[in-house]
Amino acid sequence: MVSRVTRKDVAKDAGVSTATVSNVMNNKDFVSEELRERVLASVKRLGYKPNLTAKSLKTAISMQIAVITNDITNQFFTEVIVGIEEEAYKYGYTITIINLADRDFNIDIILERQYDGVFVMTDNVSMHDLKNIADRNIATAFFSNISNKDIEDFSEDIIMFCPDEYTGAKNLFQYLIDNGHEKIAFFSSRRLKQGVKSKDMRLRAYVDALEENDIELDESLMDFNTNDIKKIVTAAHKILTSENRPTAIFAGNDYYAMITVSVAKSLGFDVPRDISIVGFDNIPMSSIFSPKITTVDMPKRNMGVLAFKEMMEKMNGKTLKPVVFPTKLIVRESSGKKN
């Protein structure tokens, strides 16, 4: 029978004290990077697995993190979650995914399971609920599509992760305009209840790009309710068969861009000769779909890795500033010059 590897075994192998092993496993920030790497190498080599049940009873730490999203089928969320899980695994944490695709958020789900931290990747959770979770001493992180400055009653106790969607979208719309497109349709992959007055970064970039290029905003080219497959199909068919047909469509994200391309092809349009169609997020499928989708890249996996690291800092009592991730325009086959 193989004996279980203990903390003492790791300490002996790494040439450190058992206290140092505990500090590394609990991600204490006063351990040097050299010692941390040495201990983690011993942990991996020996196959050490902490007794999480005993630790939870002793410290009231559950070693569980919740990730809340409303569309786990979207590869953007999948890649971010992979990054979170990848980093969480190093410290013995397990990840629970809560998918709100077909149900409303219930805060009791979080409170009853006693999660140590919560990542929120949907605007279907209210700021009131986010604050309520954070007030229970649960590390709470929010991936937002608007600046924290634009969020009413934003709590500094919430960790904010905000990809620079404005710059990415602005570059995308300017690229289309530079290629002769002035009638650009805008679809939102999110529920923008305030319509054109919403503070959504992609929408703001669209409005600003048109204004800066002296192009009149045409609300008949906009649809703020394309947040599922049926709705994007309906919106794409409607706009492509209208008398006011645009020469380019921003489909909201890559997934919906591919659906929009399919609708366009079914109606006999050539993409991009007859119409340019662009997305956002740079999911893996966008680079192998035909035609390959013009998009905006966000460092999704790295976002997840850094997000978990930031959450660990929060758990150790640090006050954190909002984290902004860079974006990059990627031009591919689904867009081109206006004919």
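Our structure is the block above this text.
These figures come from a predicted structure and were not determined experimentally.

Reading the values: rules and limits
- Residues numbered from 1 in each chain as written.
- Predicted model: local features only at pLDDT ≥ 70, side-chain atom pairs only at ≥ 80, totals over all residues.
- Heavy atoms only, no water.
- Helix = DSSP H or I, 4+ residues; strand = E, 2+ residues; numbered from the N terminus.
- Buried < 20%, exposed > 50% of the residue type's maximum accessible area, 1.4 Å probe, protein only.
- Contact = heavy atoms within 4.5 Å.
- Lys, Arg positive; Asp, Glu negative; His and termini not counted.
- Charge placed at Lys NZ, Arg CZ, Asp CG, Glu CD.
- 1 Å grid on protein atoms, 1.4 Å probe; cavity = no way out; pocket = protein on both sides within 12 Å on 5 of 7 lines; lining within 4 Å.
- Points joined across faces, edges and corners; volume = space filled by probe spheres on them.
- Nonpolar A, V, L, I, M, F, W, Y, C, P; charged D, E, K, R; others polar.
- Polar contact = N/O pair within 3.5 Å; in protein donor to acceptor, adjacent residues only side chain to side chain.
- Axes fitted to C-alpha atoms, helices over the stretch in contact; angles between N-to-C directions.
- Parallel < 35°, antiparallel > 145°, perpendicular 65-115°, else oblique.
- Left-handed = near helix turned anticlockwise from the far one by under 90°.

(A) Region of the structure containing the overall build of the chain. Along the backbone of the chain there are 12 helices and 12 strands. Considered along the principal axes of its C-alpha atoms, the chain spans approximately 75 × 40 × 35 Å. Classification of the 339 residues of the chain by burial places 50% in the buried group. The contacts of the chain with a sequence gap of at least 6 include a subset with a gap of at least 24, amounting to 70%. Across the chain, the mean location of the 44 positive side-chain charges is 7 Å away from that of the 47 negative side-chain charges.

(B) Fine view of empty space enclosed by the protein. Here the structure, examined in full by the defined rule, presents one cavity of 30 Å³ or more. Approximately 40 Å³ is the volume attributed to the largest cavity. Considering the residues around the largest cavity, the lining is formed by Phe 186, Phe 187, Ser 188, Ser 189, Arg 190, Asp 200, Arg 202, Phe 250 and Gly 252. Taken together, the residues of the lining of the largest cavity break down into three nonpolar, three polar and three charged.

(C) Seen up close, the side chain of Asp 200. As for its placement among the helices and strands, Asp 200 is situated in the loop between β6 (184-187) and α9 (201-212). Of note is the side chain of Asp 200, whose polar atom sits 3.0 Å from the backbone nitrogen of Leu 203.

(D) The arrangement of the packing of helix α5 (residues 75-90) against helix α12 (residues 300-315) in detail. Across the interface, α5 lies against α12 with an axial gap of 7 Å and an inter-helix angle of 40°. Viewed along their axes, α5 and α12 adopt a mutual orientation that is oblique. The two elements α5 and α12 cross, and the hand of that crossing is right-handed. Seen from α5, the contacting residues are Phe 76, Glu 79, Val 80, Val 82, Gly 83, Ile 84, Glu 86, Glu 87 and Ala 88; seen from α12, they are Lys 300, Arg 301, Met 303, Gly 304, Val 305, Phe 308 and Lys 309. A class-by-class count of the residues in the contact of α5 with α12 yields eight nonpolar, two polar and six charged.

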